[in-house]
Amino acid sequence: MRSRLHAHIGTIRQLEILLAVHDKGSIKAAAKALFLTQPTVSIQMKKLAQAMGSPLYNYSNRKILFTDIGLELIKTAVEVLDSFARLDMAIGNIKDFKSGTLRLAVVTTSKYFIPHLLGPFLERYPDIDIQLNIGNRAQTIERLKQGVDDFYVFSHPPSDIETQSIEFLVNPLVAIAHEDHPIAKKKNLTLEDLCKEPFLMREQGSGTRYAIEAFLKQHNVKLNVKMTIESNEAIKHLVMSKLGISILSAHTLMYGGQSGLVRLPIKELPINAHWFFVWSKSKRQTLIATEFLNHIETNGRSLLQKEMIKNDILYS
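Residues numbered from 1 in each chain as written. Predicted model: local features only at pLDDT ≥ 70, side-chain atom pairs only at ≥ 80, totals over all residues. Heavy atoms only, no water.

Visitor: Run through the overall build of the chain, naming residues and quoting values.
Guide: Check the secondary structure of the chain and you find 11 helices and 11 strands. Put simply, of all contacts in the chain between residues at least 6 apart along the chain, 76% involve residues at least 24 apart. Summed over all atoms, the accessible surface of the chain reaches about 16,500 Å², with 50% contributed by carbon and sulfur. (Helix = DSSP H or I, 4+ residues; strand = E, 2+ residues; numbered from the N terminus. Contact = heavy atoms within 4.5 Å. Areas by Shrake-Rupley, 256 points an atom, 1.4 Å probe, with all protein chains shown as cover.)

Visitor: Residues and numbers for the packing of aromatic side chains, please.
Guide: Counted under the stated rule, the structure contains 11 aromatic pairs. Ring geometry for Phe151 and Trp279: centres 5.7 Å apart, planes at 85°, overall edge-to-face. Of this pair, Phe151 sits in strand 5 (residues 151-154) while Trp279 sits in strand 11 (residues 271-280); the two residues are 128 residues apart in sequence, bridging distant segments of the chain. The class for Phe151 is buried, based on a relative accessible area of 0%. Since its relative accessible area comes to 9%, Trp279 is described here as buried. Put simply, the rings of Phe113, Phe121, Tyr125, Phe151, Phe168, Trp275, Phe277, Trp279 and Phe292 pair up and form one aromatic cluster. (Phe/Tyr/Trp six-rings, centres within 6.5 Å; stacked < 30°, edge-to-face > 60°. Buried < 20%, exposed > 50% of the residue type's maximum accessible area, 1.4 Å probe, protein only.)

Visitor: Could you give an account of helix 2 (residues 27-34), with specific residues and numbers?
Guide: Along helix 2, the residues that are buried comprise Ile27, Ala30, Ala31 and Leu34. In a view along the axis of helix 2, the buried residues occupy a sector of 100°, so they form one face of it. Exposed and oriented more than 90 degrees from the buried face of helix 2 are Lys28 and Lys32. Packing partners of the buried residues in helix 2 comprise helix 1 (12-24), helix 3 (38-52), strand 1 (57-60) and strand 2 (63-66). Capping the start of helix 2 is the job of one residue whose side-chain oxygen sits 3.0 Å from the backbone nitrogen of Ala29: Ser26. (Arc of directions from axis to C-beta. Polar contact = N/O pair within 3.5 Å; in protein donor to acceptor, adjacent residues only side chain to side chain.)

Visitor: Describe unusual backbone geometry, with residues and values.
Guide: Here the bond from Leu269 into Pro270 is cis, since omega is 10°, no more than 30 degrees from zero. By the secondary structure assignment, Pro270 is in the loop between strand 10 (261-263) and strand 11. Despite not being glycine, Phe35 shows a phi value in the positive range, around 60°. Note on placement: Phe35 falls in the loop between helix 2 and helix 3. In this structure, Asn61 is a non-glycine residue whose phi angle is positive, near 55°. Secondary-structure assignment places Asn61 in the loop between strand 1 and strand 2. Classification of Asn61 as exposed rests on a relative accessible area of 72%.

Visitor: Hey, could you go over the packing of helix 1 against helix 3 for me, with residue numbers and the actual values?
Guide: The geometry of helix 1 relative to helix 3 is characterised by a closest axis approach of 10 Å and an angle of 105° between their N-to-C directions. Here helix 3 runs roughly perpendicular to helix 1, going by the angle between their axes. Residues Gln14, Ile17, Leu18 and Val21 of helix 1 form the contact with helix 3, whose participating residues are Val41, Gln44, Met45, Lys47 and Leu48. Looking at the contact of helix 1 with helix 3 residue by residue, the class counts come to six nonpolar, two polar and one charged. (Axes fitted to C-alpha atoms, helices over the stretch in contact; angles between N-to-C directions. Parallel < 35°, antiparallel > 145°, perpendicular 65-115°, else oblique. Nonpolar A, V, L, I, M, F, W, Y, C, P; charged D, E, K, R; others polar.)

In structure tokens, the structure reads:
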């Protein structure tokens, strides 16, 4: 049965352009990613808006903000393109050949280990395309609400959205300082020692900060917060510049580099948080998503655990 919109939404390519504009955040970036001209992308978005009988997005401070109708069309576009991906995958399975697109949205801290998880998977299935979106917690939650991706990675999954998840990996949060910082010369440190030093804190809403604040509440202590920073890398460089100490995921040190930094032997640390792979209950998994989830549970988890043991950051 054809809907009244069927005759107006002419091509699958229009839906691909729509998703590119949504994911890239601008007409210019979408055009570049798709190897199209900006006028071509603008025309196709205009045609989609005409088909829907309503604007798909508005501009606010030069940023594209999708309307409710635009977001509904994005959900449908994902479903339509996923249907073709499942067909492609099914045909590929028949031919003993796997292909398709895997869409991941992950919080910034997890970017350090996700590539090491994807590498072996792509070695097995070299013809699979990966769309990886890295954002802060709020941005990743928004993508989860929109149902754009196959999986989302959080250290603290949102509790107000209907999802399924698997606990994937321990995420130890450790205290760090510059190797020449006076506190780095001390042994048998306690949380009280940490609280006396200028502290560099992640921004409100980040998973790392959420875990730190819960930990502080449990121990009934307060840190001497001097700066709030939205980037793990910026915090590491500030610590390297001897501007304070911090608590970060050990993964930022294992994969992101730790030149000039040392972990402080705080008695009460590490904070043992965890990483979760999350997906929407309402979204039907593609064949390639199912295959990737199997990879996570059978190979990916053990691969990263071995790396953590090797680098002495796997805590009980």
